Amino acid sequence: MLKTLIYDGTWPGLITCVFCSFEYKWQIETIQQNNQNIQSGLFVTSETVITDDVKVKRVLLGLEKKIGIQGIKELYYVFLSELKNMELLILRSIVYYFKPNNKPNLNYANDDILQIKKIVKSVSRERHRVKAFVRFQKMKDGLYFANLEPDFNVLPLIVNFFKDRYADQKWLIYDLKRNYGIYYDLEQITEVKFSHTLDKNHVSIQLDDDELHYSYLWKNYFDAVNIKERKNTKLHVKSLPKRYWKYLNEKKLL
Amino acid sequence: MSDRIFQKLNILADAAKYDVSCSSSGSNRANKNKGLGNANQGGICHSYTEDGRCVSLLKILLTNHCIYDCAYCVSRKSNDIERAAFTVQEVVDLTINFYRRNYIEGLFLSSGIFKNADYTMERLVSIAKKLRLEHKFNGYIHLKTIPGASDELVHQAGLYADRLSINLEIPTKEGLKLLAPDKNREDMIVPMRYLKNEIIRTNEERKIIKSTPTFAPAGQSTQMIIGASGESDKHIIQTAQHFYKNFNLKRVYYSGYVPISYDKRLPEIGSAVPMVRENRLYQSDWLLRFYGFNADEIVNDTHPLLDLDIDPKLSWALRNQHVFPIDINKADYNAVVRIPGIGVQSAKKIIMARRFGPLRIENLQKLGVAINRAKYFITCLGFQQIYADKSGANIKQYILAQSTSKYIKNNTQQLTLF
Ligand code: SF4
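Just so we're clear, the structure is a prediction, and the values are computed from it rather than from any experiment. (Residues numbered from 1 in each chain as written. Chains lettered and ligands numbered in written order. Predicted model: local features only at pLDDT ≥ 70, side-chain atom pairs only at ≥ 80, totals over all residues. Heavy atoms only, no water.)

1. Concerning the confidence of the model for chain A
Cut-off, in case you're wondering: Confidence of the prediction at every residue is given by pLDDT, a number between 0 and 100. Comment: elements are numbered from the N terminus, with helices defined as DSSP H or I runs of at least four residues and strands as E runs of at least two.
Of the residues in chain A, 93% have a pLDDT of 70 or more, and the chain-wide mean is 88. Strand β4 (residues 137-138) of chain A holds the highest mean pLDDT among the elements of chain A, 96, whereas helix α6 (residues 200-205) of chain A holds the lowest, 76.

What follows is the structure, encoded as C-alpha cells:
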C-alpha cells in the first residue's frame, strides 16, 4: 500500500520519516509538511509521523558510518533548500546509501547523487552570498541590524560565522521571507520572530547618528574604486545579481 | 559630517585601485580574545565594482604624496593631481566602522613614499599595530612593503599583517630602469627575501613552540603591470614562475595597464586595456599553480606569446598532440587534469567515480567535462578517438567554430578561467 507521510517540517521530523519507512517497510508516495495542504491520491493512505529523537539518532549514526558527517551535512543542505520533493530525494538517497557499497555518496554517476551535489552547490552559494551581502545598520541602542530574503533557508548555516566574527557587538539578522531571525546578545544566539511586519520608516528613525555617515562613505568608496576603462556590466551583474541590490547600500543609495 | 573625509576617501581609494589584488584569503586568524572579527581562509567578496572586480578589503593609500616619479603611476611626483593624506586615526575609524557593518574583510593599506622608505613604512605599521592591539581587530590586514624599508620595520609589519606585498610592476629589469628610474629591483628583492626567510623560520618554530606569534600567515604576493613596457608573455610567465619558486609567493597578480599619462614611453591615453591578454596570463598562472605545468611548456623561445583566441591549456595540447589521446579510465590524475575541457574539479570527480565502474561519454558530461573540447583528446568506454590524425590547426578550427564568441573576438569582456 502506498503511503503519504506527514511530518512537522523539521529536519529531525524528516529523519524520523526515513526511520519509519525502513522499520515498517512502507512504500512512500510523498512526504509532506503538516502546514501544507495535504494532497493524496485515491489509493494512498496518509500517516502522521511524530518526531522522535531516539529514531533520529539511530538513522544519523548509521548514516555517519556510511557517508560521514560531510555526507549528512549535504542532506541537511538539501533539506534547507526547501525545494519541491526534496523529502523524497533525501529518502531515496538514504535508501541507496544503506546498500552495501564503498563510500556511496561519491558515486557521481548516480542521478540522485548528482542532483544532491547540484542542490548543495546552490545552497552553499546562497549561504556564501548571505555572508558577503549582509549589511548591518547600527541602531541607537548599539544593535547591528540586517534584514534579507534569501532564496533558501540559510540562516542556520551562517549563525556560527557571524557569532565568531562579531563577538563583541550585538546583532540581529532577520529573514523577511520566512519571518524569523537570529539574534546575538554578546552571550548567546536566540531565534526571534517579529510579532508585526517590519516598518522601514520606524527602523530609520532608530538609526545611530553615525549610521548614514558611514553608509555614504561606503557608497563613496565603492564608486571610487571602479575603473571605468574596464567597465564590464555583464560580469558585474553576474557576480552581484540584481535581486540582492535592494540590500546593498552601495547599490541603493543615491 | 565632514566633507574632507569624503574627499580624502575619494582621492586615496581612486589612487589605490590600480593595485588589482583584493584577496582576503589565506589566513585563518581566529577571534580568540572576544574582540572584533576573524579572517576567513577562503576570503569573501563583499561586493563587486561595475568593472566586475571583487571588493573585499578597504583598499586605500595612506597618502598619494610621493617623492618618486614612476611613469606608469598616477601618484608620480610630476603628475599634477590633488594630493591628500589620511591620519592614522582616520584609517582606523574607517576600517573598524566598515568592518562592523560587514562591508569588508579588512584593510589593504598602501602608500606613496613620503620623506623616505622607513618613514612611510613606520606609519603603515603603526596603523596595523593600533588595529590589532588597541582595537582587538582580528580581520584581514594587507600591508604594502615599501621598497628599501629596513628589516626591523618589515619584521614588525609581519607581526601584525596577514599579507605583505611588494609590486614588481615591470616584469623586466630594463623596463623598470626605463620607466621608474628612481627604483631598482634589488630594493624590492631584499625585503621579499627577508620575508620569505622569516615566514619559513616562524613556521618551523611553531612546530616546536605552539605559541610562536603568527607572521604574515597569508604570505606575500606581488603584481606586474601588463602592456606598459613592451614585455613578452614569456618574460612575464618566466618571472612569475621564478618568484613563485624562489620567494614562495602566494600569488602573482597581473594588471592590464590602464593608460593614465601622455608620456611617450607608454601606451597613449585611450588605448584599450589588454584585458584578454591579462585573462590568458591568469589562466597560465593557474596552470603553473594547480595543473603542474612548467613555464616552458606554456611559453618558450619558439612560442613567446600566448594565443589570444584560445586558452593556454588548449594551446599546449595542440602543440603536444603526441601525448594524446588519454584514456579517461586508466590515466593518472596528472594526465587527466591536462586534458582540455577538464578542470581540477572534474578531474578529481573522474578519479573518484571511475572506481565504481568505467566511465562513458555520458558520465563525463554529467561530471562537468566540456565534451566539445575534450572529445579530441580522450578515449573512454564506448568512445574511440577519431580525430587523432587531424592536425592541431584543424582541431583548433573545429573547436573555435563550435565555441561561443568568447574565444573568437579578442575584445570581448566576458572571460572565465577554463
Ligand atoms: S613609488 Fe609607488 S606611489 Fe610613488 S610613483 Fe612609484 S609606484 Fe607610484
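2. Side note on the pattern of salt bridges
The criterion, for reference: One side-chain nitrogen of Lys or Arg within 4 Å of one carboxyl oxygen of Asp or Glu is enough to make a salt bridge. When a residue's accessible area, from a 1.4 Å probe over protein chains only, is under 20% of the maximum for its type it is buried; when over 50% it is exposed; and in between it is partly exposed.
In this structure the tally under the stated criterion is 37 salt bridges over all chains. We note a salt bridge from D162 of chain B to R132 of chain B, for which the minimum N-O separation is 2.7 Å. Of this pair, D162 of chain B sits in the loop between α4 (151-160) and β6 (163-165) while R132 of chain B is found in helix α3 (residues 117-134), placing the two residues 30 residues apart along the sequence. The residues D162 of chain B and R132 of chain B share a single accessibility class, namely buried. Via salt bridges that share partners, E126, D151, K177 and R243 of chain A belong to a single interconnected network.

3. Comments concerning the packing of helix α7 (residues 211-225) of chain A against helix α1 (residues 3-14) of chain B
Quick note on the threshold: To obtain each axis, a line is fitted to C-alpha atoms, and for helices this fit is confined to the stretch in contact; angles are then taken between N-to-C directions over 0 to 180 degrees. Oblique is the label for every angle not falling under 35 degrees (roughly parallel), over 145 degrees (roughly antiparallel), or within 65 to 115 degrees (roughly perpendicular). Left-handed describes a crossing in which the near helix is turned anticlockwise from the far one by less than a right angle; the clockwise case is right-handed. The contact rule is simple, with two residues in contact once any of their heavy atoms fall within 4.5 Å.
Between α7 of chain A and α1 of chain B, the shortest axis-to-axis distance is 8 Å and the interhelical angle comes to 30°. With respect to their mutual orientation, α7 of chain A and α1 of chain B come out roughly parallel. When the axes of α7 of chain A and α1 of chain B are compared, the crossing they make is right-handed. Across from H213, Y216, L217, N220, Y221, A224 and V225 of chain A in α7 of chain A, the residues of α1 of chain B making contact are I5, F6, L9, N10, A13 and D14 of chain B.

4. Let's talk about the packing of aromatic side chains
Just so we agree on the cut-off: When the centres of two rings from Phe, Tyr and Trp lie within 6.5 Å, Trp using its six-membered ring, the rings pair. Their planes under 30 degrees apart give stacked, over 60 give edge-to-face, and anything left gives tilted. Only lysine NZ and arginine CZ atoms are considered, and such an atom sits over a ring when it is within 6 Å of the ring centre and within 35 degrees of the ring normal.
In this structure the tally under the stated criterion is 31 aromatic pairs over all chains. Geometrically, the ring pair formed by Y24 of chain A and W26 of chain A is tilted, given 5.1 Å between the ring centres and 40° between the ring planes. Taking the relative accessible area as the measure of exposure, Y24 of chain A reaches 43% and is therefore partly exposed. Cluster of aromatic residues (ring-pair linked, three or more members): F136, Y144, F161, F162, Y166, W171 and Y184 of chain A together with Y99 and F137 of chain B. Taking the ring centre of F293 of chain B as reference, the NZ or CZ of R338 of chain B above it sits at 3.8 Å.

5. Here we look at the site of the ligand
Let me state the cut-off plainly: Proximity is defined per residue: if any heavy atom of the residue lies within 4 Å of a molecule or strand, that residue is considered near it. Amino acids are sorted into nonpolar (Ala, Val, Leu, Ile, Met, Phe, Trp, Tyr, Cys and Pro), charged (Asp, Glu, Lys and Arg) and polar (every other residue, Gly among them).
Contacts to the ligand come from C66, Y68, C70, C73, R76, G112, I113 and K183 of chain B. Among the residues forming the shell around the ligand, the class breakdown is 5 nonpolar, 1 polar and 2 charged.

6. Examining the domain arrangement of chain B
Under the convention used in this document: Marked domain ranges trace back to an automatic or database domain assignment.
According to the domain assignment, chain B contains domain 1 (4-219) and domain 2 (312-402). For domain 1 of chain B and domain 2 of chain B, the distance between their C-alpha centroids amounts to 42 Å.

7. Structural notes on the sheet that holds strand β1 (residues 2-7) of chain A
All names here are of chain A. Quick note on the threshold: Think of it this way: DSSP has to see at least two bridges between two strands before they count as a pair.
Within the open sheet, the 3 strands sit side by side as β2-β1-β3. Their pairing is parallel. Looking along the sheet, the strands with just one partner apiece sit at the ends: β2 (27-33) and β3 (44-48). When strand polarity is set aside, the average angle formed by the axes of neighbouring strands in this sheet is 25°. Along the sheet face, helix α1 (residues 11-23) touches β1 and β2 and points at about 155° away from the line of β1. Seen against the sheet, helix α3 (residues 86-97) touches β1 and β2 and runs at an angle of roughly 135° to β2.

8. What about the sheet that holds strand β8 (residues 251-256) of chain B?
Residues and elements named next belong to chain B. Strand order in the open sheet formed by 6 strands is β3-β4-β5-β6-β7-β8, and the pairing between neighbours is parallel. Of all the strands in the sheet, just β3 (57-61) and β8 have a single pairing partner and so form its edges. Direction aside, neighbouring strands of the sheet carry axes that sit 20° apart on average.

9. Things to note about the confidence of the model for chain B
All names here are of chain B. The predicted model of chain B has a mean per-residue pLDDT of 89, with 96% of residues at 70 or higher. Predicted confidence for residues 405-415 stays below pLDDT 50, and this span has 26 contacts to residues more than four positions away or in other chains. Here the predicted complex scores 0.87 on pTM and 0.88 on ipTM.

10. Quick look at the nonpolar core
Our working rule: In plain words, nonpolar cores are sets of buried Ala, Val, Leu, Ile, Met, Phe, Trp, Tyr and Cys residues tied together by side-chain atoms within 4.5 Å.
Core analysis: the largest hydrophobic core is formed by 121 residues, its most contacted members being I173 and Y221 of chain A together with I60 and F98 of chain B. For this core, the leading source of residues is helix α2 (residues 53-80) of chain A, giving 10 residues. When sequence neighbours within four positions are dropped, the list of residues in contact with I173 of chain A reads V134, F136, A146, L148, L155, I158, F162, Y180, G181 and I182 of chain A. Residues Y72, M188, I189 and F377 of chain B belong to the second largest nonpolar core, which totals 74 residues.

11. A look at the interface of chain A and chain B
Put simply, the rule is: Defined here as a combined quantity, buried area equals the accessible surface (1.4 Å probe) lost by two parts on assembly, summed across both.
On the side of chain B, 60 residues touch chain A, which itself brings 58 residues to the contact. A buried area of about 5400 Å², summed over both sides, lies between chain A and chain B, and 55% of it is on carbon and sulfur atoms. Per-residue buried area on chain A facing chain B is highest for R165, Y221 and R230 of chain A; these three make up 16% of the total on that side. The tally of links from chain A across to chain B stands at 6 salt bridges. Here E278 of chain B and R230 of chain A are joined by a salt bridge, their closest N and O atoms 2.8 Å apart.

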